[in-house]
Amino acid sequence: MNVNKEAKALTEQFREFLQNGEKSPATVEKYLRDGRRFLAFLEDRPLSKGETVAYKRRLSESYAPASVCSMLVSLNCLLRFMGREDCCVRLPRVQKQLFCSEERELTKGDYRALLRAAGESRIAYVLRTICETGIRISELRYVTAEAVATGKAVVNCKNKTRVIFLPEALRKALRGYLKRKGIRTGAVFVTGHGKPLNRSNVWREMKALCRRAGVKREKVFPHNLRHLFARTFYAVCRDIVRLADLLGHSSINTTRIYTVEDGNQHRAHLELACRRLRS
């Protein structure tokens, strides 16, 4: 395969296929990114089951099992699009975690430190909006001046429509932000050119906060704010079905990942259970 020409043409055709399948923009870009990674690995060698198995082995040497699984889902989709189901690979089995990694868990203390470091900058309001509503970074564009006025944002994502309520304290903060920025309509968070902020904008600004906030970089990424919201909401209501609706999940099994406790909580519960056995 000519990487420079054929791979580029294939990638564009794959993009159209994904868009016609009504995949979300974020999903399209992820599948394309993973597809390009495989095509770069393949170089000009002919496609075969042996090559895809070798690629799977290469990924397993460099990435965590969950990441490998995610990238192979993209690869299998690309292979089916190419009419090469015979080259699809089995996904690795990923054992369910009993608790999340403390090294990557964003705590309430970390979140508050980030807000203090952000001050009154745009990223401070972005952090609050994601963490106080649980929306995805790709859904941030649905938080508009109109949504702030009514107290709810109507989100269309992954062929589903749901309503996100904006807490009153957040609405008050965003009204002040809108007034200072002179924004009367449309997306609250925009670039200097007036376009809605995207994932890379937010990611870059969040990473820049880490040193000032004293928070480890590996903890600071947009989706971790969504996890913090989920754990906090679940601790209040203990209703995983309602949480799944809020997060826009089709499966409660996905939501369970968001409510996994950290190692300290898991150990505390374990110790309590042992004490009760002994008493």
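Here's a quick rundown of the structure. (Residues numbered from 1 in each chain as written. Predicted model: local features only at pLDDT ≥ 70, side-chain atom pairs only at ≥ 80, totals over all residues. Heavy atoms only, no water.)

1. Thoughts on the pairing of strand S2 (residues 152-157)
Looking down a regular strand, the side chains alternate between one sheet face and the other. The line we're drawing: In this scheme, a residue with accessible area under 20% of its type's maximum is buried, one over 50% is exposed, and one in between is partly exposed, where area comes from a 1.4 Å probe on protein chains only. In this description a helix means any DSSP run of H or I spanning at least four residues, a strand means any run of E spanning at least two, and both kinds are numbered starting from the N terminus. Any two strands between which DSSP finds at least two bridges are classified as paired.
Covered by surrounding structure in S2 are Ala-153, Val-155 and Cys-157 only, the residues Lys-152, Val-154 and Asn-156 on the alternate face being uncovered. When S2 meets strand S3 (residues 160-165), the two strands line up antiparallel, connected through six bridges. What sits directly across from Val-154, in S3, is Val-163.

2. With respect to unusual backbone geometry
Positive phi values are uncommon outside glycine, yet Glu-22 reaches one of about 60 degrees. Along the polypeptide, Glu-22 turns up in the loop between helix H1 (3-20) and helix H2 (25-42). Judged by relative accessible area, Glu-22 falls into the exposed class, the value being 51%.

3. Side note on the packing of helix H6 (residues 122-133) against helix H10 (residues 222-237)
Condition: Simply put, an axis is a line fit to the C-alpha atoms, just over the touching stretch for a helix, and the angle between two N-to-C directions goes from 0 to 180 degrees. Any angle between 65 and 115 degrees counts as roughly perpendicular, while under 35 counts as roughly parallel, over 145 as roughly antiparallel, and the rest as oblique. Whether a crossing is left-handed or right-handed is set by the direction in which the near helix is turned from the far one by less than a right angle, anticlockwise for left-handed and clockwise for right-handed. By definition in these notes, contact holds between two residues if any of their heavy atoms fall within 4.5 Å. As a working rule, the residues Ala, Val, Leu, Ile, Met, Phe, Trp, Tyr, Cys and Pro are called nonpolar, Asp, Glu, Lys and Arg charged, and the rest polar, with Gly in that last group.
Their axes nearest at 7 Å, the elements H6 and H10 cross at an angle of 40 degrees. Classed by the angle they form, the pair H6 and H10 counts as oblique. Once H6 is placed against H10, the crossing between them reads as right-handed. Contacts from Leu-127, Ile-130, Cys-131, Glu-132 and Thr-133 in H6 reach Pro-222, Leu-225, Arg-226, Leu-228 and Phe-229 in H10. In terms of residue class, the contact of H6 with H10 is made up of seven nonpolar, one polar and two charged.

4. Thoughts on a nonpolar patch on the surface
So the rule is basically this: Two distance rules govern patches: like charges are joined within 9 Å, and nonpolar side chains (Val, Leu, Ile, Met, Phe, Trp, Tyr) within 5 Å, applied only to residues with over 30% relative accessible area and no salt bridge. Using the Shrake-Rupley algorithm and a 1.4 Å probe, accessible areas are obtained, with residue cover drawn only from the displayed protein chains. A pair is scored as a salt bridge if a Lys or Arg side-chain nitrogen falls within 4 Å of a carboxyl oxygen belonging to Asp or Glu.
Residues Val-154, Val-163 and Phe-165 make up a contiguous nonpolar surface patch of about 290 Å² in total accessible area. Within the element layout of this structure, Val-163 appears in strand S3. Assessed through its relative accessible area of 40%, Val-163 is described here as partly exposed.

5. What to know about H10
Working note: α-helix, 3.6 residues per turn, so residues spaced by three or four point in the same direction. Defined as follows: Expected span, for any helix, means 1.5 Å times one less than how many residues it has.
Between its terminal C-alpha atoms H10 stretches 23 Å, which fits the 22 Å expected from 16 residues at 1.5 Å a residue. Residues Pro-222, Asn-224, Leu-225, Arg-226, His-227, Leu-228, Phe-229, Ala-230 and Arg-231 constitute the buried set of H10. Arg-238, located one to two residues past H10, shows a positive phi value of around 55 degrees.

6. What about the side chain of Asn-224?
Rule in force here: Polar contact is the term for a pair of N or O atoms within 3.5 Å; when the atoms are in protein, one must be able to donate a hydrogen and the other to accept it, and sequence-neighboring residues count only if both atoms are side-chain atoms.
Position of Asn-224 relative to the elements: it lies in helix H10. Within polar-contact distance, the side chain of Asn-224 engages the backbone oxygen of Lys-219 at 2.8 Å. Contact partners of Asn-224, with chain neighbours within four places excluded, come to Arg-104, Glu-105, Leu-106 and Lys-219.

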